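Breakdown of the fold
One-letter residues, chain by chain:
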Amino acid sequence: MPQARSLSAATPIIVANLTRNALVRSSGTVTGTSQGNSAYIRDLAQNATSFALAHGEFAYLGANISGKYGVTLDGASTRGLISSSTFRNGYYGLYLNASAGNDLTGNNIYAGANDGIFISGASNVLTGNNSYSNAGYGIRLDNGANYSLLTGNNSYSGAQRAFIVYSSGNTLVRNRAFSTVSYGIGLYISSNNSLIENDAYANTSAGIGLVNASNNNILVGNDAYSGTSHGYYNDASVGNTLVGGNLGYDASGAGLPNTTGDVYYETTVGAEGSVLKGVRVNPSPGVNVAGMNVAGSYLLS
């Protein structure tokens, strides 16, 4: 029998306009190697109004060649506006190489050979984008992508982490990360970020993971549930504060535990520390204490 899925506020069905009036594509369909498609778009403009992509469909663009990754804003001085467009079956979907201060709004990025959105420039704003079914990360804030704002984006059904953050001072608000093969939201060597009212569910690794000295982050009103691993995962990170939100429950209060621990500290690593204020934690499986045997580790609630 066909499978049915019930719509709820906690686990919405994403509906997006994939096709556009204008299609820009390569004549080939190979994107995964240096011998991939010859077609690509590379922005070198230094004025945002000089490079604007809107209401377009871009397919089979890019290869594993610097500056030719797909649609690339290439360099610290480049600017662009990208909105209401579809990027599919490329190498990267959107690649911002040190490019800062751009707006990416309402785009669909899917079926890429690498990351859906890659950013290594500061102060970019991403609003209402959908990144899914990519072979790399859904949305990646790499080194240098500090002070970016991500609001209302959906990243899901990918082969890697839905959101990966290697930078600091970023704000993620009301994003959804679900049905990935790895973390929903992962912070790596990434400090002083704010995660506010995000949902991470049905991921095969942690819903929200703080890894490798991701210190002094604040997490407010986030929900992590229905994972086959951990809800909140801490690996050698200290000074992090969780306020409100749910671990092992969705926003409606339904009990949807994470399989190996709604709170989990990694074992045999450095000190790990977190403060939980008003966080609802499902008691089964609840807090996995296996990693709390390292000197200097703490969990305060």
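Below is a short write-up of the structure. Computed from a predicted structure; not experimentally measured.

Looking now at the overall build of the chain. Each helix and strand counted, the chain has 0 helices and 33 strands in total. When each of the 301 residues of the chain is scored for burial, the buried share is 53%. Expressed as a percentage of contacts within the chain between residues at least 6 apart in sequence, the contacts between residues at least 24 apart total 53%.

Spatially, E3-E6-E9-E12-E15-E18-E21-E24-E27-E30-E33 is the arrangement adopted by the 11 strands of the open sheet, whose pairing is parallel. Of all strands in the sheet, those with a lone pairing partner are strand E3 (52–54) and strand E33 (298–300), marking the two edges. In this sheet, neighbouring strand axes are inclined to one another by 10° on average, regardless of whether the strands run parallel or antiparallel. Across 3 bridges, the pairing between strand E30 (residues 273–277) and E33 is parallel. In the sheet register, Gly273 faces E33, and the bridge partner there is Tyr298.

Another point: the pattern of salt bridges. Counting across every chain of the model gives 6 salt bridges. The salt bridge involving Arg42 is made with Asp74; its shortest N-O contact spans 2.8 Å. Of this pair, Arg42 sits in strand E2 (residues 41–43) while Asp74 sits in strand E5 (residues 71–74), and the two are 32 residues apart along the sequence. According to the relative accessible area criterion, Arg42 is partly exposed, its value standing at 46%. Asp74 sits in the buried class, given a relative accessible area of 13%. One salt bridge in this structure joins Arg176 and Asp199, with 4.0 Å as the shortest N-O distance. Highlighted residues: Arg176 in strand E19 (residues 176–178) and Asp199 in strand E22 (residues 199–201), separated in sequence by 23 residues. The exposure class assigned to Asp199 is buried, which follows from its relative accessible area of 12%. It is possible to trace a salt-bridge network through shared partners that takes in Asp115, Arg140 and Asp142.

Take the packing of aromatic side chains next. Enumeration over the complete set of coordinates arrives at 17 aromatic pairs. Residues Tyr69 and Tyr91 carry aromatic rings whose centres are separated by 6.2 Å and whose planes lie at 25° to one another, so their mutual orientation is stacked. With Tyr69 in the loop between strand E4 (56–59) and E5 and Tyr91 in the loop between strand E7 (86–88) and strand E8 (94–97), the pair connects residues that are 22 residues apart, well separated along the chain. Aromatic side chains Tyr91 and Tyr92 sit 5.3 Å apart centroid to centroid with 85° between the ring planes, which places their arrangement in the edge-to-face category. Accessibility assignment for this pair places Tyr91 and Tyr92 in one class, buried. Three or more aromatic residues joined by ring pairs form one cluster here, namely Tyr110, Tyr132, Tyr156, Phe178, Tyr201 and Tyr225. The ring of Tyr183 carries the charged tip of Arg161 above its face, separated from the ring centre by 4.8 Å.

Right, let's talk about the pairing of strand E20 (residues 185–188) for a bit. Residues of E20 alternate between two faces, with Ile185 and Leu187 on one and Gly186 and Tyr188 on the opposite face, all of them buried. Bridging between strand E17 (residues 163–165) and E20 involves 3 bridges; their strand directions are parallel. Residue pairing across strands places Phe163 opposite Ile185, the latter belonging to E20. Where E20 lies against strand E23 (residues 208–211), 4 bridges are found, and the strand directions are parallel. When the sheet's bridge partners are listed, Ile185 is paired in E23 with Ile208.

With that settled, consider unusual backbone geometry. Residue Pro285 follows Ser284 across a cis peptide bond; omega there is 10°. Structurally, Pro285 is set in the loop between strand E31 (280–281) and strand E32 (287–288). Of note, Ser123 is a non-glycine position whose phi angle comes to about 60°, a positive value. Within the element layout of this structure, Ser123 appears in the loop between strand E11 (117–119) and strand E12 (125–127). What makes Ser123 partly exposed here is its relative accessible area of 38%. For Asn212, which is not glycine, the phi dihedral falls at a positive 55°. In this structure, Asn212 sits in the loop between E23 and strand E24 (218–220). Exposure remark for Asn212: the relative accessible area of 39% places this residue in the partly exposed category.

Quick notes on the rules
- Residues numbered from 1 in each chain as written.
- Predicted model: local features only at pLDDT ≥ 70, side-chain atom pairs only at ≥ 80, totals over all residues.
- Heavy atoms only, no water.
- Helix = DSSP H or I, 4+ residues; strand = E, 2+ residues; numbered from the N terminus.
- Buried < 20%, exposed > 50% of the residue type's maximum accessible area, 1.4 Å probe, protein only.
- Contact = heavy atoms within 4.5 Å.
- Pairing = 2+ DSSP bridges.
- Axes fitted to C-alpha atoms, helices over the stretch in contact; angles between N-to-C directions.
- Salt bridge = Lys/Arg side-chain N within 4 Å of Asp/Glu carboxyl O.
- Phe/Tyr/Trp six-rings, centres within 6.5 Å; stacked < 30°, edge-to-face > 60°.
- Lys NZ or Arg CZ within 6 Å of the ring centre and 35° of its normal.

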